[in-house]
Amino acid sequence: MYVVSRADGAIVAFERNRATGRLGFIEAQYGGAGGVEGLDQANWLAISGDGKYVYVASWEDALLVFGRDRKSGQLALLDVQRDGVAGVDGLGTAEAVALSP
């Protein structure tokens, strides 16, 4: 399970115990830490159908792509697309992410 925190500029990962339903903390990825940029004001996330990627929209005019370890649930930043950088346009105050098959 993943939760975005706009106030903290973070994605927080949890694992769920299938027997009890209880959550266990895995990790948190913070904007400005460990090379993760563009995560401040994170607003929405989506997980790819194959479970390999997590996409995060940010009010920081960015779309972040994380690789997801399907066994551990840990995330690794793969890419950041920013409004106004390298010809990207239309990500200003990105609000949501939707994935197609």
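Residues numbered from 1 in each chain as written. Predicted model: local features only at pLDDT ≥ 70, side-chain atom pairs only at ≥ 80, totals over all residues. Heavy atoms only, no water.

Colleague: Any chance you could explain the pairing of strand β1 (residues 2-5) here in plain terms?
Modeller: A regular strand places its side chains on the two faces of the sheet in alternate fashion. Sheet topology note: the β1/strand β2 (residues 10-16) ladder contains 4 bridges and is antiparallel. Its bridge partner lying in β2, Tyr 2 is registered against Ala 13. The antiparallel pairing of β1 with β2 creates a hairpin that spans 4 residues between the two strands, and Gly 9 there sits at a positive phi of about 60°. (Pairing = 2+ DSSP bridges. Helix = DSSP H or I, 4+ residues; strand = E, 2+ residues; numbered from the N terminus.)

Colleague: Just to check I follow, could you spell out the side chain of Gln 29 for this structure?
Modeller: Mapped onto the elements, Gln 29 comes out in strand β3 (residues 23-30). Among the polar contacts listed, one links the side chain of Gln 29 to the backbone oxygen of Leu 75, at a separation of 3.0 Å. Those residues in contact with Gln 29, other than ones at most four positions away along the chain, are Gly 9, Ala 10, Ile 11, Val 36, Leu 39, Phe 66 and Leu 75. (Polar contact = N/O pair within 3.5 Å; in protein donor to acceptor, adjacent residues only side chain to side chain. Contact = heavy atoms within 4.5 Å.)

Colleague: Got a minute to help me understand the pattern of salt bridges in this structure?
Modeller: Pairs may arise between side chains of opposite charge once their charged atoms sit close together. Tallied over the entire structure, the rule returns 1 salt bridge. Residue Arg 82 pairs with Glu 60 through a salt bridge whose shortest N-O separation is 3.5 Å. With Arg 82 in strand β7 (residues 75-82) and Glu 60 in the loop between β5 (53-58) and β6 (62-68), this residue pair connects regions lying 22 residues apart in the sequence. The class of Arg 82 is partly exposed, set by a relative accessible area of 26%. With relative accessibility at 25%, the residue Glu 60 sits in the partly exposed group. (Salt bridge = Lys/Arg side-chain N within 4 Å of Asp/Glu carboxyl O. Buried < 20%, exposed > 50% of the residue type's maximum accessible area, 1.4 Å probe, protein only.)

Colleague: Just checking my understanding: could you explain the layout of surface pockets for this structure?
Modeller: Put simply, the largest pocket is a space of about 350 Å³. Lining the largest pocket are 13 residues, and of these Met 1, Phe 14, Glu 15, Arg 16 and Arg 68 sit closest to its centre. Looking at which element gives the most residues to the lining of the largest pocket, the answer is β2, with 3 residues. Residues of the lining of the largest pocket, tallied by class, amount to 5 nonpolar, 2 polar and 6 charged. (1 Å grid on protein atoms, 1.4 Å probe; cavity = no way out; pocket = protein on both sides within 12 Å on 5 of 7 lines; lining within 4 Å. Points joined across faces, edges and corners; volume = space filled by probe spheres on them. Nonpolar A, V, L, I, M, F, W, Y, C, P; charged D, E, K, R; others polar.)

Colleague: Sorry, what's going on with a nonpolar patch on the surface here?
Modeller: Among the surface-exposed residues, Met 1, Val 3 and Leu 23 lie close enough to one another that they form a single nonpolar patch of about 270 Å² accessible area. Within the secondary structure, Val 3 sits in strand β1. By relative accessible area, Val 3 is classed as partly exposed at 37%. (Patch = residues over 30% accessible without salt bridge, like charges linked within 9 Å, V, L, I, M, F, W, Y side chains within 5 Å. Areas by Shrake-Rupley, 256 points an atom, 1.4 Å probe, with all protein chains shown as cover.)

Colleague: What is the right way to look at the pairing of β2 in this model?
Modeller: Across 7 bridges, the pairing between β2 and β3 is antiparallel. Looking at the pairing, Ile 11 lines up with Gln 29 of β3. Here β2 folds back onto β3, and the loop between the two strands holds 6 residues, one of which, Gly 21, carries a positive phi near 80°.

None of this, on its own, says anything about what the molecule does.
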